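Listed below are the residues making up each chain.
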Amino acid sequence: MAGRRYVVFSGRPVALPSSLRDLVGTELFSPQAKARLLAEPFVGSAEAEDESVADFARRRLGPEVLDYGINPFTAGVFAGDPEALSLQHAFPCLHALEQEHGSLLGGGLRRAAGRFAQRLLGRGGDDDDARPRSGPFSLKRGLATLPRALADRLGDRVRYEAEVQALRRTGEGRWRVHLASPGHGADDGSGASPSLDDPTFEALVWSASLPALSALAPELDADTSALEDVSYPPVSTVATGFPRDSIDHALDGFGMLVPEVETGCRTLGTLFSSSVFPHRAPDDRVLLTTYVGGARDPALAEADDETVYEAVYHDLRRALGAHAPPVFRQRVTWPRAIPQYHVGYGRVKDALDRIEANCPGLYLAGNYRAGVSVGDAAASGNAAAQRVAERLG
Ligand SMILES: Cc1cc2nc3c(=O)[nH]c(=O)nc-3n(C[C@H](O)[C@H](O)[C@H](O)COP(=O)(O)OP(=O)(O)OC[C@H]3O[C@@H](n4cnc5c(N)ncnc54)[C@H](O)[C@@H]3O)c2cc1C
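Because the structure is a prediction, the values reported are computed rather than measured.

### Quick notes on the overall build of the chain
Next, step 1: Helix and strand counts for the chain come out as 16 helices and twelve strands.
Next, step 2: Here the C-alpha atoms of the chain give a radius of gyration of 23 Å, agreeing with the 21 Å that 2.2 N^0.38 yields for 393 residues.
Next, step 3: Principal-axis analysis of the C-alpha atoms places the extent of the chain at approximately 70 × 50 × 40 Å.
Next, step 4: Residue burial in the chain is summarised as follows: out of 393 residues, 41% are buried.
Next, step 5: A separation threshold of at least 6 residues defines the contact pool for the chain, and within that pool the share at least 24 residues apart is 63%.
Next, step 6: For the chain, the accessible area works out to roughly 21000 Å², and carbon and sulfur atoms hold 54% of it.
Next, step 7: In the chain, the 42 positive side-chain charges and the 52 negative ones have mean positions that sit 6 Å from each other.

Here you go:
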């Protein structure tokens, strides 16, 4: 039940098909679009080296699947614009299916058959499939439990509200880090040059944003212009609590995504939080989490609270039949939410590799390296930690 995903179609949530039978019956796509989709294995491979997600979807799957499948999916993962994002870098598994099998449907079926055969033989699958599979994941008191637990283990070695204002390499090959005083931003007048009083480190892992990195460290010994071009559009999340009986929809799924062509709605999508995770709302209430902004509508993420709340209620009324105001609401805004892996992101990755090669002791980790999910960001941190351990012996 929690696995069901809805997509808004003509203002109402319609379940995304999860089987061939569902696909044949779904109202999301016209008969022509379904026939086009089934012909996908016969579409030729791309000529462009680095293709946008939208060009790929139009070419292989047709315009309706782009509008009602790929566009909302891209908003759900990157809060991004499929016309700007690179298929190869943003969705490497789709790119690999085309490269290795010449087709998404054919490649997907072959992989599924391979997994089935491996199970029959009692062995694990190929590399991809060896990764643990799990559904949506959280912790009883929210994901913040994890960094809090890590910080508890580290004790007073953790510095909060400490903005890195400059990095400098010392003559001994260490990294000097200049921090803003707690509670002060970059404009506190304290200057942004490291002084001899600043601490130095043999190894430094950078996990903040790319534009901040290129601005802070003039001596990275590599062309950092590619890093400055990476955009991080803002996203706001709005949590709303309702009495269960004031929402008409069954909320029997993971959530709903809003395609850009659904111009009657302004939000990106809504997670049915209390349906997916236990303990999110009292029994007679529900909790919804709605996302606004992103590359599609950055101005809305930065608008005042009343504008944002009204956009959210409007879409919840229209799509889910919310017929009473929420009894609870809370908004959080990420001014720089998720890095956009745009067409040409290979230049960014090359620049990162060069910086690490030219700057011994400086390691780069985070959601700009090899995937934007929490799991990807954590894996990149683990990989950096291993490189640090090798350096420190
Ligand atoms: C609204 C939203 C919903 C999401 N939902 C999901 C989801 O459901 N599942 C999923 O897998 N992923 C999700 N993601 C993506 C995922 O959460 C992030 O990509 C991932 O957490 C990024 O981790 P990170 O450590 O690389 O970067 P961040 O978590 O962005 O950490 C970077 C840190 O660097 C700090 N910083 C910046 N500049 C400086 C400086 N000069 N000095 C010191 N510190 C600095 C920032 O304050 C920040 O704390 C979501 C992202 C957003 C924004």
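Okay, back to it.
### Thoughts on the pattern of salt bridges
Where charged atoms of side chains with opposite charge meet at close range, the side chains can pair.
Next, step 1: Within the structure shown, the criterion is met by 15 salt bridges.
Next, step 2: Ionic pairing is found between arginine 331 and aspartate 305, a salt bridge with its closest N-O pair at 2.7 Å. In this pair, arginine 331 is assigned in strand β11 (residues 328–334) and aspartate 305 in helix α14 (residues 305–320), connecting sequence segments 26 residues apart.
Next, step 3: A relative accessible area of 18% places arginine 331 in the buried class.

### Concerning the site of the ligand
Next, step 1: Taken together, 18 residues surround the ligand, and among them Val164, Asn367, Val372, Ser373 and Val374 come closest.
Next, step 2: One of the backbone nitrogen or oxygen atoms of valine 164 is found 2.8 Å away from a nitrogen atom of the ligand.
Next, step 3: Within the backbone of valine 374, one N or O atom sits 2.8 Å away from an oxygen atom of the ligand.
Next, step 4: Those elements that place two or more of their residues in the shell around the ligand are β7 (235–243) and α16 (374–392).

### Details of the side chain of aspartate 297
Next, step 1: Examined against the element boundaries, aspartate 297 turns out to sit in the loop between β10 (285–293) and α13 (298–301).
Next, step 2: Judged by its relative accessible area of 15%, aspartate 297 is buried.
Next, step 3: Polar contacts involving the side chain of aspartate 297 include one to the side chain of arginine 266, which spans 2.7 Å.

### Structural notes on the nonpolar core
Next, step 1: Counting 49 residues, the largest nonpolar core has Leu210 and Leu362 as its most contacted members.
Next, step 2: Filtering out sequence-adjacent residues up to four positions away, leucine 362 remains in contact with Trp175, Leu204, Trp206, Leu220, Ile355 and Glu356.
Next, step 3: Listed in part, the 23 residues of the second largest apolar core include Leu288, Val292, Tyr309 and Leu320.

### Details of a nonpolar patch on the surface
Next, step 1: A cluster of nonpolar side chains, Leu20, Val24, Leu38 and Leu105, forms an exposed patch at the surface whose accessible area comes to about 380 Å².
Next, step 2: Mapped onto the elements, leucine 20 comes out in helix α1 (residues 20–25).
Next, step 3: Judged by its relative accessible area of 57%, leucine 20 falls in the exposed class.

### As for the packing of aromatic side chains
For any two aromatic rings, the description comes down to two numbers: the centre-to-centre distance and the angle of the planes.
Next, step 1: One pass over the structure, following the stated rule, counts seven aromatic pairs.
Next, step 2: Note on phenylalanine 9 and tyrosine 68: the rings are 5.2 Å apart at their centroids and 65 degrees apart in plane angle, and the pair reads as edge-to-face. Of this pair, phenylalanine 9 sits in strand β1 (residues 5–9) while tyrosine 68 sits in helix α4 (residues 63–78); the two residues are 59 residues apart in sequence, bridging distant segments of the chain.
Next, step 3: Accessibility expressed as a relative area gives 18% for phenylalanine 9, which makes it buried.
Next, step 4: On the basis of relative accessible area, tyrosine 68 is assigned to the buried category, the value being 13%.
Next, step 5: In textbook terms, an aromatic cluster arises when at least three aromatic residues are bridged by ring pairs, as seen for Phe73, Phe78, Phe91, Tyr341 and Tyr345.
Next, step 6: Sitting over the ring of phenylalanine 254, arginine 5 keeps its end group 4.1 Å from the ring centre.
Next, step 7: The aromatic ring of tyrosine 232 is capped on one face by arginine 336, whose charged end is 6.0 Å from the ring centroid.

### Points about unusual backbone geometry
Next, step 1: We note that serine 10 has phi near 50 degrees; this positive angle belongs to a residue other than glycine.
Next, step 2: Along the chain, serine 10 turns up in the loop between β1 and β2 (12–15).
Next, step 3: Given a relative accessible area of 53%, serine 10 falls into the exposed group.
Next, step 4: With a phi close to 50 degrees, leucine 251 is a non-glycine residue in the positive phi region.
Next, step 5: Locating leucine 251 in the fold gives a position in the loop between β7 and β8 (255–257).

Cut-off values and rules
Residues numbered from 1 in each chain as written. Predicted model: local features only at pLDDT ≥ 70, side-chain atom pairs only at ≥ 80, totals over all residues. Heavy atoms only, no water. Helix = DSSP H or I, 4+ residues; strand = E, 2+ residues; numbered from the N terminus. Rg over C-alpha atoms; globule rule 2.2 N^0.38 Å. Buried < 20%, exposed > 50% of the residue type's maximum accessible area, 1.4 Å probe, protein only. Contact = heavy atoms within 4.5 Å. Areas by Shrake-Rupley, 256 points an atom, 1.4 Å probe, with all protein chains shown as cover. Lys, Arg positive; Asp, Glu negative; His and termini not counted. Charge placed at Lys NZ, Arg CZ, Asp CG, Glu CD. Salt bridge = Lys/Arg side-chain N within 4 Å of Asp/Glu carboxyl O. Near = heavy atom within 4 Å. Polar contact = N/O pair within 3.5 Å; in protein donor to acceptor, adjacent residues only side chain to side chain. Core = buried A, V, L, I, M, F, W, Y, C linked by side-chain atoms within 4.5 Å. Patch = residues over 30% accessible without salt bridge, like charges linked within 9 Å, V, L, I, M, F, W, Y side chains within 5 Å. Phe/Tyr/Trp six-rings, centres within 6.5 Å; stacked < 30°, edge-to-face > 60°. Lys NZ or Arg CZ within 6 Å of the ring centre and 35° of its normal.

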